[in-house]
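# Tertiary structure, described
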Amino acid sequence: MADREPILEVSHLVKHFPLTQGILFKRQIGAVKAVDDVSFELYQGETLGIVGESGCGKSTVAKLLMNLEQPTSGSIRYKGEDISRLSGRALKAVRRNIQMVFQDPYTSLNPRMTVGDIIGEPFEIHPEVAPKGDRRKKVRELLDVVGLNPEYINRYPHQFSGGQRQRIGIARGLALNPEIIICDEPVSALDVSVQAQVINLMERLQNEFDLSYVFIAHDLSIVRHISDRVGVMYLGKLAEIGTDSQIYDHPTHPYTQALLSAVPQPDPEVRDSRERIILSGDVPSPANPPSGCRFRTRCWKAEDRCAEEVPLLAVPERFAKADTGVAHPSACHFAEERDVVHV
Amino acid sequence: MSIEMTKAEVPGVPLLEVRDLHVEFHTRDGAAKAVNGVSYTVDAGETLAVLGESGSGKSVTAQTIMGILDMPPGRITGGEILFRGEDMLKMSEEQRQRIRGDKIAMIFQDALSALNPVLSVGFQLGEMFRVHRGASRREAKARAIELMDRVRIPAAKERVNDYPHQFSGGMRQRIMIAMALALEPDVIIADEPTTALDVTVQAQVMDLLAELQRDFQMGLILITHDLGVVADVADKIAVMYAGRIVENAPVHELYKRPAHPYTKGLLESIPRLDHKGKDLYAIQGMPPSLTAIPKGCAFNPRCPMAQDVCRTDIPPLAEVLENDGGPIGGRSSACHFWKETIHG
């Protein structure tokens, strides 16, 4: 994969939200470190999964990638060009190529607009994609592509089920023929039997249009299914990143191991025989994260070194020469392989 | 019969039994049939998982048991809810009140909206003892601290006067569990107790609930849509679809060999953690509208096995047997073709 140019390159991305005190004279008393030095690449046609618990900063990453938030520092390069500080016409041109699918299909669609208007709205902003007379036809095509009846073009969102609404959201994301789609929890609001339909649709569309996905979710099974590579986030930092097999079959970071072992398994045979790591306590506040390694307060391996030294996200030295899946970046001083998924 | 008699254990009578329950909602589009003849039982120390997607009627059944169904628009059109053999639907409001909270308690999904934001958690926990047991304020507070310890909230003594928003999601759900446990009920109904929580916290809370249930030998009705959560704690499972139970089975049996095409489809449609797999199996279509439940078997428009009979006759919940006709025990399926589904 290294011989290819990444389509999106994120380096040392930082986003701090200031905490202020006072009404008339506001002064900053601290910052919520939502994203703190995150780097990754996205290649054409691949899916990068980002997993983590609530408050780990995964949705802030999505907003930064969409340019809905300005990073405190760091850069986001789209085909070599830093897009994080663009504005005006240049930003508009880039945005055409990076679109988003939201979590909640009930609130992300305007209830007073017809489906045709919702899916066609991107054309108002980017009229060069579809000339005016052509738009209805284009919307019908999009409805067909996502598996909805093109006759539904004049209906309103409330006339659709959750799964169908998410298809509308996907059609809107596809309208401008983007290269990258950022999906923030696209199926977590859907029923189990409908989730599979939407996941299959997204995979089909990826093949058809050579799309690249950043797939943000908390459901580890779904992320494994759809992703080529997976990054695990904890308190604003990436703990571990690698291919799906490197992360799920050869996890080396204790947090990843705990996360994977906590996933409820829909198979009682597996449940009875596998080991579970139950973490104590909750995720600390990102306004006041622990020194050194951020996971150390809940980690069973933590030693003095973990409080003093921030572990870097790199391939651990002892695994650098290994020819199995353990040779992948992991931000832990005491990285160690432990299979928690297989029986 | 007096209420006192219900306290004693009656041999041969289940702790809680729902019998042929029917519930409707009045809507502009006509009656929405949310529950259409649901029956299940739970015994002391047993965990029954009620599995279903949104609109399957799993929560409405639970709300009816608890007597917190909004009426109107809800209406109970038939059936019985027997607590130790006595029909709660025939009791006076006063009698029911004594069972509710005292004998049957409920844990809700969203602890933040289930707790009162302007009262301290200590006060809300203590309220249980003041209202039901006539405890004094001081006594109630002491009991509240005990309970918070019991559900392993760190520094309970210092935190008893804190307000719900000062606790994390996992801690709030522990407080909900503490509240349900307060009066040592015989039955706990947990409606999606961990759905709003993160995976690592979910595991903590589920473990706690299972442990307390064992210690107190309570009957637990766990309502969920998550096949993973069910596999972790349940003894037996009732799968619901469009207001009906379509399959009953002990937990190991259900996962190994489902006897209803809907259950089978659900199990095949969830991605695996231990290998990547190819295309996901997807059940076609979507759950039916409750105002227009399909004729015959409600699942027939989405079922790959559907025949003509499925479109006309409602399949009864029939006992599932081994291939040679021998009994399996505790299994039933509401499918005309359960034999083909389970035995291939």
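Residues numbered from 1 in each chain as written. Chains lettered and ligands numbered in written order. Predicted model: local features only at pLDDT ≥ 70, side-chain atom pairs only at ≥ 80, totals over all residues.

### Considering the overall build of chain B
Assigned secondary structure in chain B consists of 13 helices and 12 strands. In summary, chain B has a C-alpha radius of gyration of 21 Å against a globular reference of 20 Å for 344 residues, a match within 12%. With respect to the principal axes defined by its C-alpha atoms, chain B has extents near 65 × 55 × 45 Å. Across the 344 residues of chain B, 47% fall into the buried class. Considering only contacts in chain B between residues 6 or more positions apart, those separated by 24 or more positions represent 64%. (Helix = DSSP H or I, 4+ residues; strand = E, 2+ residues; numbered from the N terminus. Rg over C-alpha atoms; globule rule 2.2 N^0.38 Å. Buried ≥ 20, exposed ≤ 12 C-beta atoms within 10 Å, placed from the backbone. Contact = placed C-beta atoms within 7 Å.)

### Some words on the pairing of strand E8 (residues 212-217) of chain A
Residue and element names in this part refer to chain A. Counting buried positions over the 6 residues of E8 gives 6, a clear majority of the element. Going residue by residue along E8, you find Ser 212, Val 214 and Ile 216 tucked away on one face and Tyr 213, Phe 215 and Ala 217 tucked away on the opposite face as well. Pairing analysis gives 5 bridges linking strand E3 (residues 47-51) to E8, with the strands arranged parallel. Within E8, the residue paired with Val 51 across the bridge is Ala 217. Bridge count between strand E7 (residues 180-184) and E8: 5 bridges; the pairing is parallel. Each residue of the ladder has a partner; that of Asp 184, found in E8, is Ile 216. For the handedness criterion, the β-α-β arrangement of E7, helix H6 (residues 192-209) and E8 is classed as right-handed. (Pairing = 2+ DSSP bridges. Right-handed = clockwise from strand over helix to strand, strands pointing away.)

### Looking at the interface of chain A and chain B
Many structure descriptions define interface size as the accessible area lost when the parts assemble. Of the residues lining the interface, 37 residues belong to chain A; the matching set on chain B comes to 40 residues. Sorting the residues of the side of chain A that touches chain B by element identifies H6, helix H7 (220-226), helix H8 (244-249), helix H9 (254-262) and helix H10 (268-273) of chain A as the ones contributing at least two each. Class assignment for the residues of the side of chain A that touches chain B results in 18 nonpolar, 11 polar and 8 charged. (Nonpolar A, V, L, I, M, F, W, Y, C, P; charged D, E, K, R; others polar.)

### What to know about the domain arrangement of chain B
Residues and elements named next belong to chain B. As far as domains go, chain B holds domain 1 (13-234) and domain 2 (241-272 + 281-343). The distance between the C-alpha centroids of domain 1 and domain 2 comes to 28 Å. Taken together, the contact between domain 1 and domain 2 spans 19 residues of the former and 14 residues of the latter. Taken together, the elements giving at least two residues each to the side of domain 1 that touches domain 2 come down to strand E2 (30-42) and helix H9 (227-233). Residue contributions to the side of domain 1 that touches domain 2 peak at 9 residues, all from E2. Tallied by class, residues from the side of domain 1 that touches domain 2 come to 8 nonpolar, 8 polar and 3 charged. (Domains from an automatic or database assignment.)

### A short note on the nonpolar core
One finds Val214(A), Val232(A), Ala178(B), Ile189(B) and Ile221(B) to be the most contacted residues of the largest nonpolar core, which totals 189 residues. In terms of residue count, helix H7 (residues 169-181) of chain B provides more of this core than any other element does, 8 residues in total. With sequence-adjacent residues up to four places away left out, Ile221(B) is seen in contact with Val42(B), Leu48(B), Val50(B), Ala62(B), Val187(B) and Ile189(B). (Core = buried A, V, L, I, M, F, W, Y, C linked by C-beta atoms within 7 Å.)

### Observations regarding the sheet that holds strand E1 (residues 16-27) of chain B
Residue and element names in this part refer to chain B. On the basis of which strands lie adjacent, the open sheet formed by 4 strands has the order E2-E1-E4-E5 and antiparallel pairing. Lying at the two open borders of the sheet, with one neighbouring strand each, are E2 and strand E5 (86-87). The pairing of E1 with strand E4 (residues 74-83) spans 8 bridges and is antiparallel. The residue of E4 that forms the bridge with His 22 is Gly 78. Sheet strands in contact with helix H1 (residues 58-66) are E1, E2 and E4, and its direction is about 110 degrees off that of E1. (Axes fitted to C-alpha atoms, helices over the stretch in contact; angles between N-to-C directions.)

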